[in-house]
Amino acid sequence: MTASNGNMRDLEIVVDGLHKAFDERPVLKGLSLTIARGEMVAIVGGSGCGKTVLLKHLTGHFRPDAGTVLVADHVSTGSPLRDLSTLTEEELDRIRLHWAVVFQRNALLTGTVFHNLALWPREIKRMSDDEIRPLAHRALEDVGLNPDEVMEQDRDSLSGGMAKRVAIARALVMDPVLIFYDEPTAGLDPEMCGQIHELIGQTHAARPSLGVARTSVIITHDTELLRRLGPRVVMLHDGKVHFDGPFEEFAASEDPHIRPYVEQMATLHRRERPPSP
Ligand SMILES: Nc1ncnc2c1ncn2[C@@H]1O[C@H](COP(=O)(O)OP(=O)(O)OP(=O)(O)O)[C@@H](O)[C@H]1O
Ligand SMILES: [Mg+2]
């Protein structure tokens, strides 16, 4: 499923010649990548190759050393592409109205589930708790949790699978056009992974209220996710895009960098554990 229900000319993200180094150690070395609106794209690659660093550039949390990141501005008519490095914090916040991130290890804050779900609508959309509550209710239902049971539950009492669902619900409350997932199934048991795959697929297919196709960018080592959801697979290696194409081709590749990574994926996928309470 490449560019499902998307017009290829409607671009959501254009990365061109992205460079990033930390303490003189280069991580991204001229990475270029174009994502069309409505696409589901999986970013894969060995641990430490720069997937999360790339994500942080896409969301404007890191500034490139060189190169550009353009993103669709859904607040403006026609969703024109804007260069992230030219935006003020206010402009970036406006663009973020239509984004949501499901973080690696969830990044839920201390406090109740409602506290977590209300965070972004309160801060980014300036909504009141009364306005947020029905949205939070709906988002919890959408991720298969009973709002009456979990809304006031403390973060620390959630199981790994529940915490992941809450993290996805927190994204859904934003009604995002663009949704980023950083290792959404890492460390979960196979049954829970299956449920999260389904949820990611359903979320991708559902239209945000803005009426345009939703774009999903998923960082993952989960081969089963790739098999089931069939996203476009983009593999990073040595700071650049090393492979870009369908999963079947990726999994069957004899390329000396792809093969060892594919064999390692299951281990990488299982390695992560949610933070212990
Ligand atoms: N804020 C930072 N300061 C210094 N170095 C960083 C920072 N963020 C990331 N790095 C380094 O950049 C490299 C890429 O890190 P990144 O987190 O993007 O890896 P990843 O591909 O997401 O790996 P994983 O699959 O383990 O999550 C690593 O060597 C990491 O130590
Ligand atoms: Mg990472």
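Since this is a predicted model, take the numbers as computed values, not measurements.

Colleague: Before we move on, could you go through the sheet that holds strand β10 (residues 240-246) and cite the residues and values that matter?
Modeller: The strand order across the open sheet built from six strands is β6-β7-β8-β3-β9-β10, with neighbouring strands paired in mixed fashion. Looking at the sheet topology across the chains shown, the edges are occupied by β6 (99-102) and β10. Each neighbouring strand pair of the sheet contributes to a mean axis angle of 15°, computed without reference to strand direction. Bridge count for strand β3 (residues 40-44) against strand β9 (residues 232-237) is four bridges, and the pairing is parallel. Bridge assignment links Ala42 to a residue of β9, and that residue is Val233. Sitting on the sheet, helix α1 (residues 51-58) touches β3, β6, β7 (178-182), β8 (215-219) and β9, and the angle it makes with β7 is about 155°.

Colleague: Lay out unusual backbone geometry in plain terms, naming residues and giving numbers.
Modeller: Located in the positive-phi region is Ala107, a residue other than glycine, with phi close to 55°. Tracing the backbone through its elements, the reader meets Ala107 in the loop between β6 and α3 (113-123). By relative accessible area, Ala107 is classed as partly exposed at 38%. Although it is not a glycine, Glu183 sits at a positive phi angle of roughly 50°. Looking at the element boundaries, Glu183 is found in the loop between β7 and α7 (190-205).

How each quantity is defined
- Residues numbered from 1 in each chain as written.
- Chains lettered and ligands numbered in written order.
- Predicted model: local features only at pLDDT ≥ 70, side-chain atom pairs only at ≥ 80, totals over all residues.
- Heavy atoms only, no water.
- Pairing = 2+ DSSP bridges.
- Helix = DSSP H or I, 4+ residues; strand = E, 2+ residues; numbered from the N terminus.
- Axes fitted to C-alpha atoms, helices over the stretch in contact; angles between N-to-C directions.
- Contact = heavy atoms within 4.5 Å.
- Buried < 20%, exposed > 50% of the residue type's maximum accessible area, 1.4 Å probe, protein only.

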